[in-house]
Amino acid sequence: MLRHSISIPALGAARAVRPAATVPLTLSAVRSASSLTSTRGRPPPTHPARQAKIIAAAAKRREQHEQRMAAASSKSSSASAATAKSAAAVAAELSKRKQFMSITPRSDVLDLIQSWGLGENKRPTMKPDKYPFVPHAKRPVEFVAAAKREGSFWRNEERWPEVAMIGRSNVGKSRLINAVCGTTIVRVKAKPGLTQSINWYKVAKPWRGYVVDMPGYGFAYAKDERKEAWADIIPEYLKRPQVSRLLVLVDARHGLKMADVEFLDSMSKLRRLPKSIILTKCDLVRPDILARRYQSVCQDVHKFGIQPSNVVMVSAKSGAGLIPLRTLLKRELMTTAEAEAAAGQ
Ligand SMILES: Nc1nc2c(ncn2[C@@H]2O[C@H](COP(=O)(O)OP(=O)(O)OP(=O)(O)O)[C@@H](O)[C@H]2O)c(=O)[nH]1
Ligand SMILES: [Mg+2]
């Protein structure tokens, strides 16, 4: 028999499911392979035992297919319920958006936005505030302490006022401290969940007080147990008498979210603490949308006893709106003279 030393994949292997076996090239193999692929249409002779096997396999396949079809139909009925649910959510969201767009921007609010250079503005009418927060100070603020649990809170025995920044993760709390105080010492990141402890920053003389950065609530890239720990220490911290004002930061692009409403609600039960709402990232919002946002937020926070005079629009990026925020912050802090007078009492 003619036998070559090379080997080829068995013919028809491209169509077979199993990987191709290699067989030696013989004349008889070539002949039988050509009979399998012949165009005469005669099927190759099959053994009865093999035929029975094929029939059994086909029956099994049919049974499996029916099972799959039954499973798919039950899945599609639950999927259609989920689709109906998400359609309802989309409809609710659309009607909310429609409601929001139906707000007429007030001319005084639009004027305020324009004069402060707020809003998405290619050519701001006003230069960002470049005046130092504390003139002549080498460091306007200094990091003094961080706490991840109640036992390690900064003691602040002099009872100097503490202004706390709070809001959803990524709303811009840390960057706003840097912008307001004219520093870069607070770490900032685009990913939510960077600040994972309560951090105290002491303001330089002649001021006596602290600006406090906090972990955010809502979504954050952090471990669940860490987020649970924040949920416990934040209310504990806010009970302290040293906390003199709360700055609740809200992203101007989104307005009040459920997490903000829940927080403000829980705060109204916890303690009557002066609060301001700070609309952040105003450089990312069109002026007319920003005016609507301001008006709708003023309306939403009214039920928590927050007046429109305590709703401030800022952009830590462009510096717009920082002057009123600095004024507000300084009003909260004691001067050295006031601190001495308080200590002498
Ligand atoms: N365009 C723009 N981006 C801002 C502004 N403020 C903050 N950001 C950006 O928003 C992202 C989050 O800012 P952070 O200050 O770290 O936010 P945070 O609230 O401290 O976040 P967590 O510490 O994770 O809770 C960063 O990428 C900032 O650069 C702003 O006024 N304008
Ligand atoms: Mg932060």
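None of these values were measured; they are calculated from a predicted model.

A. Looking closely at the packing of aromatic side chains. Using the criterion set out here, one finds seven aromatic pairs in the structure. Note on Y217 and F263: the rings are 5.1 Å apart at their centroids and 25° apart in plane angle, and the pair reads as stacked. One end of the pair, Y217, is in the loop between strand 7 (210–213) and helix 5 (224–238); the other, F263, is in helix 6 (residues 258–270), and 46 residues separate them in sequence. In this structure, Y217 and F263 share a single accessibility class: buried. Taken together through their ring pairs, the aromatic side chains of F153, W200 and Y237 make up a single cluster. The residue whose ring lies beneath R293 is F100, and the NZ or CZ to ring-centre distance is 4.2 Å.

B. Region of interest: the environment of L176. Mapped onto the secondary structure, L176 falls in helix 4 (residues 173–181). Under the relative-accessibility criterion, L176 is labelled buried at 1%. Expressed as a C-alpha distance, the spacing of L176 and L249, which sit 73 residues apart in the sequence, is 9.5 Å. Contacts of L176, omitting those with residues within four sequence positions, involve L249, I278, V314, A316, L322 and L325.

C. Spatial organisation of helix 7 (residues 287–302). Its 16 residues give helix 7 an end-to-end C-alpha distance of 23 Å, which sits within 8% of 22 Å, the value for a rise of 1.5 Å per residue. Where helix 7 is buried, its residues meet helix 2 (48–101), helix 3 (107–115), helix 6, strand 9 (275–280) and strand 10 (311–313).

D. Just the sheet that holds strand 9, in detail. What the seven strands build is an open sheet, ordered 3-5-7-4-8-9-10; its pairing is mixed. Each edge of the sheet is formed by a strand with only one pairing partner; in this case those strands are strand 3 (141–147) and strand 10. Between one strand axis and the next, the sheet turns through 25° on average, direction left out of account. Pairing geometry for strand 4 (residues 162–167) and strand 8 (residues 243–251), over six bridges, is parallel. Residue pairing in the sheet places G167 in a bridge with L249 of strand 8. Taken strand by strand, helix 7 contacts strand 9 and strand 10, and its axis lies near 160° from that of strand 10.

E. Highlighting the confidence of the model for the protein. Overall, the prediction assigns the protein a mean pLDDT of 82, with 81% of residues at 70 or greater. Note that residues 1–39 has pLDDT below 50 and, in this model, 24 contacts with residues that lie over four places away or in other chains.

Rules and cut-offs
- Residues numbered from 1 in each chain as written.
- Chains lettered and ligands numbered in written order.
- Predicted model: local features only at pLDDT ≥ 70, side-chain atom pairs only at ≥ 80, totals over all residues.
- Heavy atoms only, no water.
- Phe/Tyr/Trp six-rings, centres within 6.5 Å; stacked < 30°, edge-to-face > 60°.
- Helix = DSSP H or I, 4+ residues; strand = E, 2+ residues; numbered from the N terminus.
- Buried < 20%, exposed > 50% of the residue type's maximum accessible area, 1.4 Å probe, protein only.
- Lys NZ or Arg CZ within 6 Å of the ring centre and 35° of its normal.
- Contact = heavy atoms within 4.5 Å.
- Expected span 1.5 Å × (residues − 1).
- Pairing = 2+ DSSP bridges.
- Axes fitted to C-alpha atoms, helices over the stretch in contact; angles between N-to-C directions.
- pLDDT = per-residue confidence, 0-100.

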